[in-house]
Amino acid sequence: MLENVLKTQALAKSYGRIKAVKSLDLEVPDGAVFGILGPNGSGKSTTLSMLLGILTPDSGSFSWFGQAPEPAQRKRIGALLEQPNFYPYLSARKNLEIACLIKECSPTRVDIVLEQVGLLARAESAFKTFSTGMKQRLAIASALLADPKVLVLDEPTNGLDPQGIAEVRELIIQIAKRGKTILLASHILDEVEKVCTHVAVIKQGQLLAQGSVMEILRNQHQVELKADDMEALERALSAYEPAAERRRVGNLIVLSMTGEPDGSALNRYLYDQGLVLSHLRVHKKRLEESFLEITAKA
Ligand SMILES: Nc1ncnc2c1ncn2[C@@H]1O[C@H](COP(=O)(O)OP(=O)(O)OP(=O)(O)O)[C@@H](O)[C@H]1O
Ligand SMILES: [Mg+2]
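Residues numbered from 1 in each chain as written. Chains lettered and ligands numbered in written order. Predicted model: local features only at pLDDT ≥ 70, side-chain atom pairs only at ≥ 80, totals over all residues.

**Regarding the overall build of the chain**
So, point 1. On a plain count of helices and strands, the chain comes out with 10 helices and 14 strands.
So, point 2. Projected onto its principal axes, the C-alpha coordinates of the chain cover approximately 75 × 45 × 35 Å.
So, point 3. Looking at the chain as a whole, 35% of its 298 residues are labelled buried.
So, point 4. Here the analysis covers contacts within the chain between residues at least 6 apart in sequence; of these, 69% occur between residues at least 24 apart. (Helix = DSSP H or I, 4+ residues; strand = E, 2+ residues; numbered from the N terminus. Buried ≥ 20, exposed ≤ 12 C-beta atoms within 10 Å, placed from the backbone. Contact = placed C-beta atoms within 7 Å.)

Structure, rendered in structure tokens:
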């Protein structure tokens, strides 16, 4: 059982009459890559700012590592909220050495983080000569300087070209593999699906759904089937475990699956029982679709 690195309870924040975050309950498990997914203006940045002590919540509470917020905790949380300021004419290494002085961490960390983000070979190059993806990787390196337990990233691929986006996403996955918990805000469904293990979907400051990316997808995958002997097919499928639900829709049987559908395994299972299918179609719904459904209901 994973323990929660972060828990928020009824967290709320308004700007005057605009209710930016409404009674938000989040649970971020240790080791998760947790995506806060929501359209522009849904309160993602406001939430992250509260969690980092930049904004004070109007009401509600949160705890990092099971403890009420206190300044010492911040050392265990690396953050990248907006484009950081690097000196354009100074090298990557020099920029990180300066950041190191500000963050009071050991200068030996500089090469370690440069290596982690794949920039060690470019350590002596001036920041201004970097591609957008390299600039963002350097920013992530800076957030890693104090060797935090948690990394908080607000829209880490914003403004990057496709190559840069791919580089940064891969880097996030690699950092998570080394055991860090990552909290990432994004308005891009595809990004959350590719990078995150868990997701909280928010809209207008309100939580719509939260769980593992698989959980949010569960029961969303469907398989359509048809055979000459539909009754025999129904009987055979009644014992088919990966199906959470079975329905007759017109002349088809539609299964809602608990996980990723495996069409060939299902076909084999039925063939072994003497059933030959005349129709088999697998619909894999992506998070994008369930997100759109969820938000449409709100
Ligand atoms: N400083 C501020 N003053 C007034 N209103 C604000 C301020 N910052 C944010 N808001 C409002 O609060 C709401 C939530 O904004 P927030 O920046 O948290 O959303 P977001 O999900 O991060 O959006 P984006 O995807 O565009 O970054 C929006 O309606 C926004 O206009
Ligand atoms: Mg934002």
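Here the narrative resumes, following the displayed structure.
**Here we look at the sheet that holds strand β14 (residues 277–283)**
So, point 1. The strand order β12-β13-β11-β14 describes an open sheet built from four strands, whose pairing is antiparallel. A single partner strand is all that each edge strand has here, and the edge strands are β12 (243–249) and β14. Adjacent strand axes in the sheet meet at a mean angle of 20 degrees when their direction is disregarded.
So, point 2. The sheet contact formed by strand β11 (residues 222–227) and strand β13 (residues 252–257) spans four bridges and is antiparallel. Bridging across to β13, L225 finds its partner in I253.
So, point 3. Of the strands in this sheet, β11, β12 and β13 are in contact with helix α8 (residues 230–237), which crosses β13 at around 15 degrees.
So, point 4. Most of the contacts of helix α9 (residues 263–271) go to β14, to which it runs at about 150 degrees, and overall it touches β11 and β14. (Pairing = 2+ DSSP bridges. Axes fitted to C-alpha atoms, helices over the stretch in contact; angles between N-to-C directions.)

**Description of the sheet that holds strand β10 (residues 206–212)**
So, point 1. On the basis of which strands lie adjacent, the open sheet formed by six strands has the order β6-β7-β8-β4-β9-β10 and mixed pairing. At either end of the open sheet lies a strand with only one pairing partner, and these are β6 (77–80) and β10. Averaged over all pairs of adjacent strands, the angle between their axes in this sheet comes to 15 degrees, without regard to strand direction.
So, point 2. Strand contacts of helix α1 (residues 44–51): β4 (33–37), β7 (150–154), β8 (181–186) and β9 (198–203), with the helix running at about 150 degrees to β7, the strand carrying the most contacts.

**Quick notes on the site of ligand 1**
So, point 1. Taken together, Y15, I18, A20, G38, N40, G41, S42, G43, K44, S45, T46 and H187 make up the full set of residues near ligand 1.
So, point 2. Elements with a contribution of two residues or more to the shell around ligand 1: β2 (18–24) and α1.
So, point 3. Split by residue class, the shell around ligand 1 holds three nonpolar, eight polar and one charged. (Near = placed C-beta within 6 Å. Nonpolar A, V, L, I, M, F, W, Y, C, P; charged D, E, K, R; others polar.)

**As for the packing of helix α2 (residues 92–103) against helix α3 (residues 109–116)**
So, point 1. Where α2 contacts α3, the two axes come as close as 9 Å, and the packing angle between them is 125 degrees. It follows that α2 is oblique to α3 by the angle criterion. Every pair of crossing elements has a handedness; the one defined by α2 and α3 is right-handed. Judged by residue contacts, A92, R93, L96, E97 and C100 of α2 engage R109, V110, V113 and L114 from α3. (Parallel < 35°, antiparallel > 145°, perpendicular 65-115°, else oblique. Left-handed = near helix turned anticlockwise from the far one by under 90°.)

**A look at α2**
So, point 1. Its 12 residues place the ends of α2 16 Å apart at the C-alpha level, agreeing with the 16 Å of an ideal helix rising 1.5 Å per residue.
So, point 2. Buried residues of α2: A92, N95, L96 and A99, and no others. Taken around the axis of α2, the buried residues stretch over an arc of 95 degrees, which confines them to a single face.
So, point 3. Trailing α2 by a residue or two, E104 shows a phi angle of about 55 degrees, which is positive. (Expected span 1.5 Å × (residues − 1). Arc of directions from axis to C-beta.)

**Some details on the environment of L144**
So, point 1. You can see L144 is positioned in helix α4 (residues 132–144).
So, point 2. L144 sits 29 residues away from E115 along the chain, and the two C-alpha atoms are 11 Å apart.

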